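Each chain is listed here by its residues.
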Amino acid sequence: MKKTQKSFADLPPIRVRREPPTVNEAVAAAQDLADDVEQQVEIAAGLMGLPADEVRPHVLAAKKAKPERVPERILTHASPSRAPRTVVVERRTRPTVVIERRSRPLDPRR
């Protein structure tokens, strides 16, 4: 038994739900995109659709709450003959991996 093909005209219209980001989401995104506070205010206001004057206090409050990350220092026990050694731990991000998808496998005979 064959299925009948439905055309796009037979399907109901696609409904897209649009919700603006919350204040915390917009401020976090703005902080990741820019270092300057005024640029962060503009980005967050643009994402939320609000005037910059309403968003500025939230950006300034979030700036104080987000401290800079410093490398962790770990001291090891020292023996009497040598000084303590310092180990510095730094976090590095890995580059993104791009996987190219092919529509069909390559023929090994070619």
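Reading guide: rules and limits
- Residues numbered from 1 in each chain as written.
- Predicted model: local features only at pLDDT ≥ 70, side-chain atom pairs only at ≥ 80, totals over all residues.
- Heavy atoms only, no water.
- Helix = DSSP H or I, 4+ residues; strand = E, 2+ residues; numbered from the N terminus.
- Buried < 20%, exposed > 50% of the residue type's maximum accessible area, 1.4 Å probe, protein only.
- Contact = heavy atoms within 4.5 Å.
- Areas by Shrake-Rupley, 256 points an atom, 1.4 Å probe, with all protein chains shown as cover.
- Salt bridge = Lys/Arg side-chain N within 4 Å of Asp/Glu carboxyl O.
- Axes fitted to C-alpha atoms, helices over the stretch in contact; angles between N-to-C directions.
- Parallel < 35°, antiparallel > 145°, perpendicular 65-115°, else oblique.
- Left-handed = near helix turned anticlockwise from the far one by under 90°.
- Nonpolar A, V, L, I, M, F, W, Y, C, P; charged D, E, K, R; others polar.
- Core = buried A, V, L, I, M, F, W, Y, C linked by side-chain atoms within 4.5 Å.
- pLDDT = per-residue confidence, 0-100.
- Polar contact = N/O pair within 3.5 Å; in protein donor to acceptor, adjacent residues only side chain to side chain.

Undergrad: It is not clear to me how the overall build of the protein chain should be interpreted in this structure. Could you clarify?
TA: If you tally the helices and strands in the protein chain, you get three helices and two strands. Expressed as a percentage of its 110 residues, the buried residues of the protein chain come to 12%. Counting contacts in the protein chain only where the partners sit at least 6 residues apart, residues at least 24 apart contribute 25% of the total. Carbon and sulfur atoms make up 54% of the accessible area of the protein chain, which amounts to about 11,300 Å² in all.

Undergrad: Teacher, can you tell me more about the environment of L33 here?
TA: For L33, the position within the fold is in helix α1 (residues 23-33). Judged by its relative accessible area of 65%, L33 falls in the exposed class.

Undergrad: Looking at this structure, I do not really get the pattern of salt bridges. What am I missing?
TA: As a working rule, side chains carrying opposite charge can pair if their charged atoms are close by. Enumeration according to the criterion identifies three salt bridges in this entry. One salt bridge connects R56 with D53, and the closest N-O pair in it is separated by 3.2 Å. A residue pair is termed a helical-turn pair when its members lie 3 or 4 positions apart in one helix, as R56 and D53 do in helix α3 (residues 52-65) at three residues. Under the relative-accessibility criterion, D53 is labelled exposed at 61%. Several salt bridges share partner residues, and in doing so they unite E38, D53 and R56 into one network.

Undergrad: When you look at the environment of G46 in this model, what are you seeing that I'm missing?
TA: As for its placement among the helices and strands, G46 is situated in helix α2 (residues 37-48). By relative accessible area, G46 is classed as exposed at 59%. It is 9.8 Å that separates the C-alpha atoms of G46 and A30, two residues lying 16 residues apart in sequence.

Undergrad: For this particular structure, what's the right way to read the packing of α1 against α2?
TA: Contact geometry of α1 with α2 gives a least axis separation of 8 Å together with a crossing angle of 135°. If you check the angle between α1 and α2, you find them oblique. Between α1 and α2 the crossing geometry is right-handed. Judged by residue contacts, V23, A26, V27, A29, A30, Q31 and L33 of α1 engage Q40, I43, A44, L47 and M48 from α2. Of the residues that constitute the contact of α1 with α2, the class distribution is ten nonpolar, two polar and no charged.

Undergrad: How do you make sense of the nonpolar core when you look at a structure like this?
TA: Across soluble globular proteins, nonpolar side chains show a tendency to be buried alongside one another. One finds A26, V27, A30, V37, V41, A44, A45, M48, V55 and V59 forming the largest nonpolar core, which totals ten residues. When residues of this core are assigned to their parent elements, the largest contribution, five residues, is made by α2.

Undergrad: Before we go on, may I ask you to explain the confidence of the model for the protein chain in this structure?
TA: Do not read the predicted coordinates in detail wherever pLDDT is low. Summing up the model confidence of the protein chain, the mean pLDDT is 77 and the portion of residues at 70 or higher is 61%. Looking over the protein chain, one finds the lowest element-wise mean pLDDT in strand β1 (residues 72-75), namely 60, and the highest in α2, namely 93.

Undergrad: What is the right way to read the side chain of Q31 from this model?
TA: Here Q31 shows up in helix α1. Relative accessible area serves as the criterion here: at 14%, Q31 is assigned to the buried category. A polar side-chain atom of Q31 sits 3.5 Å from the main-chain carbonyl oxygen of A62.

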